[in-house]
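What the coordinates show
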There are 2 protein chains.
Amino acid sequence: MAKADQIIGIIGAGQLARMMIEAASPLDLHIRLLAASAKDGAARIWPDVTVGSPDDVDTVARFARTCDVITFDHELVPEPVLQRLEMDGCRLAPSADTLRIAQNKQRQRELFTKAGLPQPQHAICQSVESALSAGRAFGYPIMVKAAQGGYDGRGVWRCETAANLRSVAEECLSRGIVPIVEEQVLIDRELAILVARTPGGAQAIYPLVETIQIDGICRQINLSRSNYRGDRTQAADLARTVADLVGLTGVMALELFESGNHLLINEIATRPHNSGHYSIEGIATSQFEQHLRAVLDLPLGSTKLRANAAVTVNILGGSDGSDPRERLGQAIGLADVAVHLYGKEARPGRKLGHVTVTGPALKRCADRAWQAVSILTGDPRPEETF
Amino acid sequence: MAKADQIIGIIGAGQLARMMIEAASPLDLHIRLLAASAKDGAARIWPDVTVGSPDDVDTVARFARTCDVITFDHELVPEPVLQRLEMDGCRLAPSADTLRIAQNKQRQRELFTKAGLPQPQHAICQSVESALSAGRAFGYPIMVKAAQGGYDGRGVWRCETAANLRSVAEECLSRGIVPIVEEQVLIDRELAILVARTPGGAQAIYPLVETIQIDGICRQINLSRSNYRGDRTQAADLARTVADLVGLTGVMALELFESGNHLLINEIATRPHNSGHYSIEGIATSQFEQHLRAVLDLPLGSTKLRANAAVTVNILGGSDGSDPRERLGQAIGLADVAVHLYGKEARPGRKLGHVTVTGPALKRCADRAWQAVSILTGDPRPEETF
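Presented here is an overview of the structure given in this document.

Calculation notes
Residues numbered from 1 in each chain as written. Chains lettered and ligands numbered in written order. Predicted model: local features only at pLDDT ≥ 70, side-chain atom pairs only at ≥ 80, totals over all residues. Heavy atoms only, no water. Least-squares fit on C-alpha atoms with pLDDT ≥ 70 in both. Contact = heavy atoms within 4.5 Å. Buried < 20%, exposed > 50% of the residue type's maximum accessible area, 1.4 Å probe, protein only. Helix = DSSP H or I, 4+ residues; strand = E, 2+ residues; numbered from the N terminus. Pairing = 2+ DSSP bridges. Axes fitted to C-alpha atoms, helices over the stretch in contact; angles between N-to-C directions. Buried area = accessible area lost by both parts, 1.4 Å probe. Salt bridge = Lys/Arg side-chain N within 4 Å of Asp/Glu carboxyl O. Polar contact = N/O pair within 3.5 Å; in protein donor to acceptor, adjacent residues only side chain to side chain. Nonpolar A, V, L, I, M, F, W, Y, C, P; charged D, E, K, R; others polar. Core = buried A, V, L, I, M, F, W, Y, C linked by side-chain atoms within 4.5 Å. Left-handed = near helix turned anticlockwise from the far one by under 90°. Expected span 1.5 Å × (residues − 1). Parallel < 35°, antiparallel > 145°, perpendicular 65-115°, else oblique.

1. Considering the relation of the copies chain B and chain A
- Mapping chain B onto chain A leaves a residual RMSD of 0.0 Å; the transformation is a rotation of 180 degrees accompanied by 0.0 Å of translation along its axis. Overall, the copies show the geometry of a two-fold rotation axis. Considering only C-alpha atoms, the residue of chain B closest to the rotation axis is Pro47(B), which sits at 2.1 Å.
- Counting the interface residues of chain B, we find that 100% of their copies in chain A are interface residues as well, pointing to one common contact surface.

If you want it as structure tokens, here you go:
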């Protein structure tokens, strides 16, 4: 069977699975979806859907038997599911071991420390005492991150005082979560870089982008050719090194802090990532197509820029609860605005889609993207993004 | 209900419907498909499919009642179906009257003659005698075109002699088909231009492209910014005029002959068209998204060029009967090659997909596109395309 004929099973049917499907269709790749609900974003746009819990061992095992290779739209796959898929000899892309690293900040920190990669100062704390001792060493305010289970700002706390740190550490430990205590880095910018890797180790690097987070949630991604220093940068080298370290198959986002002249690794996500949505319009091969190519062990595509600048702004459900579909016509009336809606029910603050604008200059792209998003959500552009 | 929330029913589920769906998904537009078979190209990639004959009056009428607006992936909709949909008060985009023109070369010729638009010399012949008299007037060789039912080179005959013309005209008339006898134009180039039009008459014009046909089948489409003279050209004016004349809603392709310094109208297709596939990668708004915008009466999108050159080459089933999917990996290993497969069973000569290459220079795009297509089909590049 030709590689392109293999059935790719996707565990989970959120927006990442949806955009993988949108990338698969022109190439006529075979996707099979395991969706918790037929109303999930990806399940709404694809015929080959199995409805069942992606966290249930038997459901996933049964589904996987009908596929040639399995990939994921999230990395929070429960350990019993991973073990069963491994035991059954399923081809996983990324592998179970890669996912075990991606879903655990402790494993990431330990691995990167061993490899001598730059990170914030941190302490992996098995006791309240060690947390407090890290507090004394790094000074306050200080960050605490849950080793497992956090995303979009959840599982991260900022502690102003030792008393504060004590209570957070106690709370974590009592729930069986290892707290990682980290120095609060003076962050100049948050950055991200995508890398794709095939099972044989071929890699493709995407350009470095800036991400703007508000309350731990990514709101805007900036790509600018004038900031783009080619593939031979420290960020690209780090991404390549980490992709090899974790034995990546597929696409991975490496999230970085820029502090002074230093880059420090924040964390990784071993799947297409919000910080890479710009690639659909901004790059010759989108992260979603690239992920599928890597999963199938096909040749990776070009990551050439298609514009001088690209800005992605997330569409978070408007505070009045209205649905962005109601004002879609107005938004796409703006030139150069590419709207992506994920087929989710509107709720205030929920990620419902994103807008990407490409063009000659970053500021104009950002202004236009926010103009579209403000139309769609009814909410004003946040000050932090000016 | 917001316009973007309306259900668009598509009659027919071939590659045009498939690429409409691919354009609809990011905008979360609601598509409902009437497919002759669940194995049709578009039905394979979409969950909301009714299987039934698009030529059966009751089937179509039942389907149409579940939709807010109806569009088509072909214009050969039988008259009884059109009448029933009109009688039922369905919103059709394009309208039944527009389709009646698009599916009938006689109506087109008469309409364009009345409007004083440039066309080849022709005679609409109700008898063998009038055909022969046109033969004497225009000289041999001469072209005969069936008023209705032809596409991809079918329904078109080249007659070298009066005897030849007589037998073709007799054959047509005996089958109830009106033969249109046309002078054989000395064609320098075959050209095509897309125009989109909303129900309110707003228009968007695409750039003029050259099409290369072999044996009446479109093989290659060339777009070059250096040949692009902007919107205010004769071709664009013709397209605008014809779109208004036929009361277009949606996208239309106007096919033209360039002969000396003259442009002559060949024919129209009132739907997304093979000559516009380049727009997926080459233009800010693809013809498929533009068609859906027009059908929903949403604002039309920008038709700005995204590259200096774009070449589309059709993937016709290879003479050895092999499936292009088998060599997909090799083809997408070439940089800048966008492969679109339509999910059809491979048969020699059948349109199975297309490849578009964008880049700075036309020749390089064409060479690269043919390189990819030769890999996919196993057949060499035809001499006519060099």
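2. A closer look at helix H1 (residues 15-24) of chain B
- Across the 10 residues that make up H1(B), a large majority, 10, are buried.
- Where H1(B) is concerned, the buried positions are Gln15(B), Leu16(B), Ala17(B), Arg18(B), Met19(B), Met20(B), Ile21(B), Glu22(B), Ala23(B) and Ala24(B).

3. Considering the sheet that holds strand S3 (residues 49-51) of chain A
Residues and elements named next belong to chain A.
- Spatial ordering of the open sheet is given by S3-S2-S1-S4, a layout of four strands whose pairing is parallel. Unpaired on one side and paired on the other, S3 and strand S4 (69-72) mark the two borders of the sheet. If you compare each strand with its neighbour and ignore which way they point, the axes differ by 25 degrees on average.
- With five bridges joining them, strand S1 (residues 7-11) and strand S2 (residues 30-35) adopt parallel strand pairing. Looking at the pairing, Ile8 lines up with Ile31 of S2.
- Contacts from helix H1 (residues 15-27) reach S1, S2 and S4, with the element oriented near 165 degrees to S2.

4. A short note on the interface of chain B and chain A
- Each side of the interface is counted separately: chain B has 35 residues, and chain A has 35 residues.
- Of the roughly 3100 Å² buried between chain B and chain A on both sides combined, carbon and sulfur atoms contribute 50%.
- Three residues, Asp28(B), Arg325(B) and Ile332(B), lead the burial of chain B against chain A; their summed loss comes to 22% of the area buried on that side.
- Between Asp28(B) and Arg325(A) there is a salt bridge whose closest N-O contact spans 3.2 Å.
- On inspection of chain B and its partner chain A, the count reaches 22 residue pairs in polar contact (both at pLDDT 80 or more).
- Of all elements in the fold, only H1, helix H11 (328-332) and strand S16 (337-341) of chain B reach the threshold of two or more residues within the side of chain B that touches chain A.
- By residue class, the composition of the side of chain B that touches chain A is 16 nonpolar, seven polar and 12 charged.

5. Topic: the nonpolar core
- Within the largest apolar cluster, 102 residues are counted, with the highest numbers of intra-cluster contacts made by Leu33(A), Val339(A), Val355(A), Leu33(B), Val339(B) and Val355(B).
- Beyond its immediate stretch of four places on either side in the chain, Val355(B) contacts Val311(B), Thr312(B), Val313(B), Ile315(B), Val337(B), Ala338(B), Val339(B), Ala369(B), Ala372(B), Val373(B) and Leu376(B).

6. Examining the packing of helix H2 (residues 57-65) of chain B against helix H3 (residues 79-87) of chain B
All names here are of chain B.
- Look at H2 against H3: their axes get within 9 Å of each other, and the N-to-C directions meet at 35 degrees. Crossing angle aside, the handedness with which H2 passes H3 is right-handed. Facing Val57, Asp58, Val60, Ala61, Ala64 and Arg65 of H2, the residues of H3 in contact are Pro80, Val81, Arg84 and Leu85.
- Across the contact of H2 with H3, the residue classes break down as seven nonpolar, no polar and three charged.

7. Brief notes about the sheet that holds strand S3 (residues 49-51) of chain B
All names here are of chain B.
- Strand order in the open sheet formed by four strands is S3-S2-S1-S4, and the pairing between neighbours is parallel. Only two strands of the sheet have a single neighbouring strand rather than two, namely S3 and strand S4 (69-72). Strand-to-strand twist in this sheet, taken as the mean axis angle between neighbours without regard to direction, amounts to 25 degrees.
- Together, strand S1 (7-11), strand S2 (30-35) and S4 form the strand contacts of H1, whose direction differs from that of S2 by roughly 165 degrees.

8. Structural notes on helix H7 (residues 162-174) of chain A
All names here are of chain A.
- The end-to-end C-alpha separation of H7 is 18 Å, in line with the 18 Å expected for 13 residues at 1.5 Å each.
- The inward-facing, buried residues of H7 contact helix H6 (128-138), strand S6 (142-146), strand S7 (156-159) and strand S8 (179-183).
- At the C-terminal side of H7, Gly176 shows a positive phi close to 75 degrees.

9. Points about the environment of Val144(A)
All names here are of chain A.
- Within the element layout of this structure, Val144 appears in strand S6.
- Separated by 20 residues in sequence, Val144 and Ile124 have C-alpha atoms that sit 9.8 Å apart.
- In contact with Val144, other than residues within four places in its own chain, are Gly155, Val156, Trp157, Cys159, Leu165, Val168, Pro179, Ile180 and Val181.

10. Notes on the packing of H1(A) against helix H10 (residues 287-295) of chain A
Residue and element names in this part refer to chain A.
- At a minimum axis separation of 8 Å, H1 and H10 run at an interaxial angle of 75 degrees. In this view, H1 runs roughly perpendicular relative to H10, as classed from their interaxial angle. Residue-level inspection shows Leu16, Met19, Met20, Ala23, Ala24 and Leu27 of H1 in contact with H10, the latter providing Phe288, Glu289, His291 and Leu292.
- Within the contact of H1 with H10, the residues separate by chemical class into eight nonpolar, one polar and one charged.

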